[in-house]
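# Coordinates in review
So the chains spell out like this:
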Amino acid sequence: TDDRAQTSAFRVAEKKYKNYQDGPPTDYTDVIDFRHLDHNTPANTSRIITLPTKKGRGFDHVAQMYSISSLEGFIFIPNAFPLPEQLRIADFCYHDCPDPPNITNLSATKGTLTNLFDNAFEEHTQSLNNSQEEPSHSASKKKRKVENVLPSRALLNRLRWVTLGYHYDWSNRIYHEEDISPFPPLIFDLSQRVSSFAEDPIIPQAAIINFYLLDSTLGGHQDDSEFDFTKPIVSLSIGNTAVFLLGGTSKAEEPVAMFVRSGDVILMGGRARMSYHGVPRIIADTCPPFNNLDSISPRGSFLAEVLANGRLNVNVRQVLGEGKQFPSRETASTSSSQ
């Protein structure tokens, strides 16, 4: 049918890279690799546009930037942040951002969660201490290790997203003026620094931090709930490598697949701002070595373990055009349902 044709191209790509249990090895031949240009197929090489180098605001180095011929407004910056800065950002996202007044996917069922990462870290430390105190063959050691995973660490494993600034209403796919918390200065500055690589930097007003496990996926979607689409979306990834799909304004258009590694930055402006995109695959054992960075954070070794088992993505956008105001709830709800 026509409906199936409209969704087939993007869906086929999602199935191609999804991690199926007991399935054949995934073929990554057609995935664009911006860090190793010589690894790309001739077809992909012809699609890659090398942009002029640029030094963004607050960066110590000149960044190499790329785009794709069919995706005007798309900018890819490989390895934009060194490992120590990646760890500082990840530490803030895991340690500070899940606390109220920010909203998480756990808020509706678990209520206010405070110090989630600290509590999980304490459990981790206690588990290590217990394992050192008991003989390796002890049955009680095995039982205690299971128990230690249950409370805060189990909740941390279930943390999927945090919203900052204007909080996204997932049920109605819209933002409301009164649903807001203070935007963290670290993420605000980070977003403005990154968006300085584009011609039209954003005013950060809303962010979604996505916490992936190795088997997590993100289905194809458009970021179309903001009231202004003239500014780019800023995306920073930390942890294991993902296969990222970026298509067109319809799922009928075949998406481009690309590797997004730890420290990579994506800007989606112009035509790419309204493109369907998703993450069908997190590739295990691709996280960079964050060990030996305890001097950056007292939780460094634990955070490195968490990142080794997943991926973190910071996604920031401008909700309103400059000088614009929120529409009424009635008007906004009507437009979002159309």
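Right above here is the structure, for reference.
Below: a short report on this structure. Bear in mind the structure is a predicted one, so any value in this text is a computation, not a measurement.

## Focus: the nonpolar core
- Core analysis: the biggest nonpolar cluster contains 50 residues, and F81, L156, I187, I209 and L307 have the highest contact counts within it.
- Looking at this core element by element, the count peaks at six residues for helix α3 (residues 83-95).
- Discounting chain neighbours no more than four positions away, the residues touching I209 are C93, C97, R160, W161, V162, L164, L312, N313 and V314.
- I32, I68, F74 and M258 belong to the second-largest nonpolar core, a separate cluster that totals 21 residues.

## Some remarks on the packing of aromatic side chains
- Counting across every chain of the model gives 18 aromatic pairs.
- Ring centres of F74 and F76 lie 6.4 Å apart, and the angle between their planes is 50°; this geometry places the pair in the tilted category.
- Looking at F76, the relative accessible area reads 0%, which means it is buried.
- What links up through ring pairs into an aromatic cluster is the set Y94, F117, F121, F211 and F302.

## Re the pairing of strand β6 (residues 174-180)
- Of the strand pairs in this sheet, strand β5 (residues 161-169) and β6 are connected by three bridges, and their pairing is antiparallel. Within the sheet, the bridge partner assigned to D169 lies in β6 and is I174.
- Counted along the chain from β5 to the antiparallel partner β6, the turn is four residues long, and its residue R173 has a positive phi close to 55°.

## Some thoughts on the packing of α3 against helix α8 (residues 185-195)
- Between α3 and α8, whose axes approach to 11 Å, the crossing angle comes to 135°. In terms of their interaxial angle, α3 and α8 are classed as oblique. Judged by the twist between their axes, the crossing of α3 over α8 is left-handed. Residues E85, I89, F92 and C93 of α3 touch α8, and the partners they reach there are L186, I187, L190 and R193.
- Looking at the contact of α3 with α8 residue by residue, the class counts come to six nonpolar, no polar and two charged.

## Overview of the pattern of salt bridges
- Taken as a whole, this structure holds 16 salt bridges when the rule is applied.
- A salt bridge links R261 to D33, with the shortest nitrogen-to-oxygen separation between them at 2.8 Å. Taken together, the positions of R261 in the loop between β11 (256-260) and β12 (265-268) and D33 in the loop between α1 (2-17) and α2 (42-47) put the pair 228 residues apart, joining distant regions of the chain.
- The buried category is assigned to D33, whose relative accessible area is 5%.

Definitions and cut-offs
- Residues numbered from 1 in each chain as written.
- Predicted model: local features only at pLDDT ≥ 70, side-chain atom pairs only at ≥ 80, totals over all residues.
- Heavy atoms only, no water.
- Core = buried A, V, L, I, M, F, W, Y, C linked by side-chain atoms within 4.5 Å.
- Buried < 20%, exposed > 50% of the residue type's maximum accessible area, 1.4 Å probe, protein only.
- Helix = DSSP H or I, 4+ residues; strand = E, 2+ residues; numbered from the N terminus.
- Contact = heavy atoms within 4.5 Å.
- Phe/Tyr/Trp six-rings, centres within 6.5 Å; stacked < 30°, edge-to-face > 60°.
- Pairing = 2+ DSSP bridges.
- Axes fitted to C-alpha atoms, helices over the stretch in contact; angles between N-to-C directions.
- Parallel < 35°, antiparallel > 145°, perpendicular 65-115°, else oblique.
- Left-handed = near helix turned anticlockwise from the far one by under 90°.
- Nonpolar A, V, L, I, M, F, W, Y, C, P; charged D, E, K, R; others polar.
- Salt bridge = Lys/Arg side-chain N within 4 Å of Asp/Glu carboxyl O.

Coordinates in, geometry out; function isn't part of it.
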